[in-house]
Amino acid sequence: MEPVPLPIGHRSSSLCCRSISLRPLQSMAASSAQSSAPAMANRTGSKQALISLSDKRDLAFLAKGLLDLGYSIVSTGGTASSLEKAGIPVTKVEEITRFPEMLDGRVKTLHPYIHGGILAKRDECHHMEALNMHGIGMFDVVVVNLYPFYEKVSSSSQIAFEDGIENIDIGGPAMIRAAAKNHKDVLVVVDSKDYPDLLDYLGGKEEGQLFRRKLAWKAFQHVASYDSAVSEWLWKQSGGDKFPPSFTVPLSLNSSLRYGENPHQKAAFYVDKSLSEVNAGGIATAIQHHGKEMSYNNYLDADAAWNCVSEFKNPTCVIVKHTNPCGVASRTDALEAYRLAVRADPVSAFGGIVAFNIAVDEALAKEIREFRSPVDGETRMFYEIVVAPEYTEKGLEVLKGKSKTLRILEAKKNEKGKLSLRQVGGGWLAQESDDLTPQDIEFNVVSKKVPEEAVLRDAEFAWLCVKHVKSNAIVLAKDNCMLGMGSGQPNRVESLRIAMKKAGEEARGAALASDAFFPFAWKDAVEEACDGGVSVIAEPGGSIRDQDAIDCCNKYGVSLLFTRVRHFRH
């Protein structure tokens, strides 16, 4: 009986110590074994690449490079057509499998003639025997990328559930995983950026297994990220709650940082590629128009400043130092808002992060550039970062002139309803983001004195500010301007004293907001605040000594508001 003809690129293994007898292919009708066998090889010893791409970027460059290196190319439908149009010789997958694409394209490459040629270990005699027995050729290079599931389900136009399902790739991940598993013998590529390095490697400019392992890692990571998007989408489509039993967060390296929180710590910045983060705003996707590269601490501070300023509806400036707002002011005139935010704590503002919730135009940019410190009236204020939703052309030009190092960021407001994640040793904490604003809650008057409308507005402003201050947190504010804040103290009394000291004489008649209830009132924070002249106190309430706080405020003629909403920030 005649041996079974071998597929294109089939090579008998020279590593096996005993000869291999080729046997007929045991499929199709025995009477037509020759006609039903896979396509004949063009020549013995041909190297073979399998290419199947959804994103056909640089396809011609890759294919021509492979041809020049002596590779024959096998490809699937759309990719094969693109190669043919480019005048590049290609063998279609169905010529190898002798089986047509079926089920609306769901089954193309799921076939032993494909996966056998990818997964066979070249140094295993019984693997080579199996290939020869069944007439299966080997693939040396597998280049695959996947259906654009992520792009389809995250597009602004709503996609039907059935369309989403049809964009889940099956054959592609199977080939990628197979090639990555057998990377010792098969090179796998999932990113067009790796085409030049692949060709250099195949041309002998690189050696060793490390390159193969790197490509294999990238392939598995590519599939893992793809699967995480499918999983996230399906969980949402199934009506699952905010906290699934398990989930994966796909992270993509944005940049390596000079160092972490401190110079002795290495660090990097990753962007969250979850579907929930697509077009959802935030500092991670901000555009940097100017300045030095961002540092680890820059990202933390910029995030804190942007999250705070984005809460306000009126034109607002927020200045942050070490993630705490040290100056906040809202005015119809953005220049005045900026000046007031600086004056709230000019010492802390120096070297801080300045954020606006409106466009920075030429006039505002000039004010930022030229404004002198209120401390001495001479020193120009220095900042690490300015962040805003947009800049006019002239405003950006002027601001760039302030300093070569000033980082200028353009960011989009964070969407509400995001899942907040935070790492602890060996695990992660997940919670809903704290999206409540004064309009979402009630300020219940529990004192005898009812605050006037202007005083109530001050309390709401202070409450919105204190939400962004590290606990224990106290904020004093008046006329839509933060006058002083105390943050991060182990006890609320010390936070109050710091805030009162910063506010000075302006504390009289100001509104006070506390992020949590006061455990004591008499000869404690509440009485000190009342004695200091505040006009209203806004706090969650809920202490077993709430009545003491009420009685103390009544004694001093201070309005007391219970919000029933706590704002701890750790």
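Calculation rules
Residues numbered from 1 in each chain as written. Predicted model: local features only at pLDDT ≥ 70, side-chain atom pairs only at ≥ 80, totals over all residues. Heavy atoms only, no water. UniProt positions renumbered as here; feature names shortened; annotations may be inferred. Helix = DSSP H or I, 4+ residues; strand = E, 2+ residues; numbered from the N terminus. Contact = heavy atoms within 4.5 Å. Patch = residues over 30% accessible without salt bridge, like charges linked within 9 Å, V, L, I, M, F, W, Y side chains within 5 Å. Areas by Shrake-Rupley, 256 points an atom, 1.4 Å probe, with all protein chains shown as cover. Salt bridge = Lys/Arg side-chain N within 4 Å of Asp/Glu carboxyl O. Phe/Tyr/Trp six-rings, centres within 6.5 Å; stacked < 30°, edge-to-face > 60°. Buried < 20%, exposed > 50% of the residue type's maximum accessible area, 1.4 Å probe, protein only.

The protein has the name MGS-like domain-containing protein in an unreviewed UniProt entry, where Amborella trichopoda is given as its organism. A UniProt comment under Sequence similarities (unreviewed entry) is attached to the protein, and it reads "Belongs to the PurH family."

**Student:** How should I be thinking about the environment of Lys273 in this particular structure?
**Tutor:** Looking at the secondary structure, you find Lys273 in the loop between β7 (267-272) and β8 (287-290). Along the sequence, Lys273 and Tyr150 sit 123 residues apart, while their C-alpha atoms lie 9.5 Å from each other. Every residue in contact with Lys273, bar those within four places of it in the chain, is listed here: Tyr150, Pro250 and Ser252.

**Student:** How do you make sense of unusual backbone geometry when you look at a structure like this?
**Tutor:** Excluding glycine, a negative phi dihedral is what most residues carry, and trans is how most peptide bonds are arranged. A cis geometry characterises the amide bond from Ser471 onward to Asn472, with omega recorded as -10°. Secondary-structure assignment places Asn472 in the loop between α17 (453-466) and β17 (474-478). Even without glycine at this site, His322 takes up a positive phi of about 50°. By secondary structure assignment, the location of His322 is in the loop between β9 (316-321) and β10 (324-330).

**Student:** Please clarify how a nonpolar patch on the surface should be interpreted in this entry.
**Tutor:** A surface patch of nonpolar side chains, amounting to about 280 Å² of accessible area, comprises Phe99, Met102 and Leu103. By the secondary structure assignment, Met102 is in the loop between α4 (93-97) and α5 (112-119).

**Student:** What is the right way to look at the packing of aromatic side chains in this model?
**Tutor:** Each aromatic ring pair is characterised by the separation of its centres together with the angle its planes make. Here the structure, examined in full by the defined rule, presents 11 aromatic pairs. For the ring pair Phe312 and Phe461, a centre distance of 5.4 Å and an interplane angle of 50° mean the geometry is tilted. Pair noted here: Phe312 is in the loop between α12 (296-309) and β9 and Phe461 is in helix α17, with a separation of 149 residues, a long-range link. Under the relative-accessibility criterion, Phe312 is labelled buried at 9%. Through a chain of ring-to-ring contacts, the aromatic side chains of Phe149, Phe161, Tyr226 and Trp233 assemble into a single cluster.

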